[in-house]
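In case you want the letters, here they are:
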Amino acid sequence: MRKLLLLGLLLAVIGLFYYSWQASPDATPPPLAPSPTYAAQVRQARQQKDQAFRTDAGSPLDSAQRAAFGGLRYFKPDEAYRVTARLVRAAVPTPEPLALTSAGKPDAYVRYGTAEFELGGQPQKLLLLQKQGLGGANELFVPFTDPTNGQQTYAAGRYLDLPLPAPAATELTLDFNAAYNPFCAYNHHYSCPKPPSESRLSVPVLAGEQQYHP
């Protein structure tokens, strides 16, 4: 009888330890595969972009590149790179001119605020910019760099576009599966805004568009 009680107590302790470990905020959950619907949406958007690069008049590819174009290269969709960030608005929007990858007048942006979040268990922060002039009123521009640049991804960094948050919003979603290359990654005739130094992430972003190889 005593042995049975001891066995029951041991099992209870093991169960409590397992439950505590599972509930611990420090426990690293296993990676989750993207939902079929989300993965399908990402693939569809990528197929549409490939088609536009082949046929659209605004494609950054020249005629020779289009003739040999086999599609852009991407990381697999991964919902671990779709994060909710705390939105911190700038008290006063201030001009934030971005230097270009080649000579030219810096593009005009204003500092809208910052997005604060965690990625890979590390705190991160990105600058949120709003382009001035035509087409900039309803979206935010988020240029960034990370340790993959110059290896798996374009050396000068990548971009995200976000819809302008509602006035009362305190959070926004950053989906790095939608990270894309600037046009100068495909054609040296373009000049593109450089991500500011404060928008460098400390962890590799293995999501979104990879480096272009003709």
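Scroll up to find the structure.
Because the structure is predicted, anything quoted here is derived from the model rather than measured.

Description of the nonpolar core
Looking at soluble globular proteins, one finds that nonpolar side chains tend to be buried together.
Right, so step 1: Residues Phe-117, Leu-119, Leu-128, Leu-174 and Phe-176 are the most contacted members of the largest nonpolar core, which totals 23 residues.
Right, so step 2: Only strand S1 (82-95), strand S2 (109-119), strand S3 (122-131), strand S4 (139-144), strand S5 (158-163) and strand S6 (171-175) provide two or more residues apiece to this core.
Right, so step 3: With four residues, the single largest contributor to this core is S2.
Right, so step 4: With residues up to four places along the chain from it excluded, the contact list for Phe-117 reads Val-83, Thr-84, Ala-85, Gln-122, Pro-123, Gln-124, Lys-125, Leu-126, Leu-174, Phe-176 and Leu-201.
Right, so step 5: Core analysis: the second largest hydrophobic core is formed by 10 residues, Tyr-109, Leu-127, Phe-141 and Tyr-159 among them.

Here we look at empty space enclosed by the protein
Right, so step 1: For the structure on display, the rule yields one cavity of 30 Å³ or more.
Right, so step 2: By volume, the largest cavity amounts to about 40 Å³.

Points about the pattern of salt bridges
Right, so step 1: The tally for this structure, following the rule as stated, stands at seven salt bridges.
Right, so step 2: When the shortest N-O distance is used, the salt bridge between Glu-198 and Arg-111 registers 3.0 Å. One end of the pair, Glu-198, is in the segment after S6; the other, Arg-111, is in strand S2, with 87 residues separating them in the sequence.
Right, so step 3: Glu-198 sits in the partly exposed class, given a relative accessible area of 40%.

Brief notes about the layout of surface pockets
Right, so step 1: One number sums up the size of the second largest pocket: a volume of about 360 Å³.
Right, so step 2: For the second largest pocket, the lining is made up of 18 residues, of which Ala-45, Asn-177, Ala-178, Ala-179 and Tyr-180 are closest to its centre.
Right, so step 3: Listing elements by their share of the lining of the second largest pocket, those giving two or more residues are helix H2 (36-55), S5 and S6.
Right, so step 4: Sort the elements by how many residues they give to the lining of the second largest pocket and H2 lands first, with six residues.
Right, so step 5: For the lining of the second largest pocket, the residue count by class is 10 nonpolar, three polar and five charged.

Some points on the environment of Ala-68
Right, so step 1: Relative to the helices and strands, Ala-68 is located in helix H3 (residues 63-68).
Right, so step 2: When the C-alpha atoms of Ala-68 and Pro-214 are compared, they prove to be 7.4 Å apart, with 146 residues separating the residues in sequence.

Here's the deal with the side chain of Arg-158
Right, so step 1: With respect to the element layout, Arg-158 can be found in strand S5.
Right, so step 2: In this structure Arg-158 comes out as buried when scored by relative accessible area, which is 0%.
Right, so step 3: Side-chain polar atoms of Arg-158 contact the backbone oxygen of Ala-207, separated by 2.5 Å.

Description of the environment of Gln-151
Right, so step 1: For Gln-151, the location among the structural elements is in the loop between S4 and S5.
Right, so step 2: For the pair formed by Gln-151 and Gln-211, sequence separation is 60 residues and the distance between their alpha carbons is 7.8 Å.

What counts and how
- Residues numbered from 1 in each chain as written.
- Predicted model: local features only at pLDDT ≥ 70, side-chain atom pairs only at ≥ 80, totals over all residues.
- Heavy atoms only, no water.
- Core = buried A, V, L, I, M, F, W, Y, C linked by side-chain atoms within 4.5 Å.
- Buried < 20%, exposed > 50% of the residue type's maximum accessible area, 1.4 Å probe, protein only.
- Helix = DSSP H or I, 4+ residues; strand = E, 2+ residues; numbered from the N terminus.
- Contact = heavy atoms within 4.5 Å.
- 1 Å grid on protein atoms, 1.4 Å probe; cavity = no way out; pocket = protein on both sides within 12 Å on 5 of 7 lines; lining within 4 Å.
- Points joined across faces, edges and corners; volume = space filled by probe spheres on them.
- Salt bridge = Lys/Arg side-chain N within 4 Å of Asp/Glu carboxyl O.
- Nonpolar A, V, L, I, M, F, W, Y, C, P; charged D, E, K, R; others polar.
- Polar contact = N/O pair within 3.5 Å; in protein donor to acceptor, adjacent residues only side chain to side chain.

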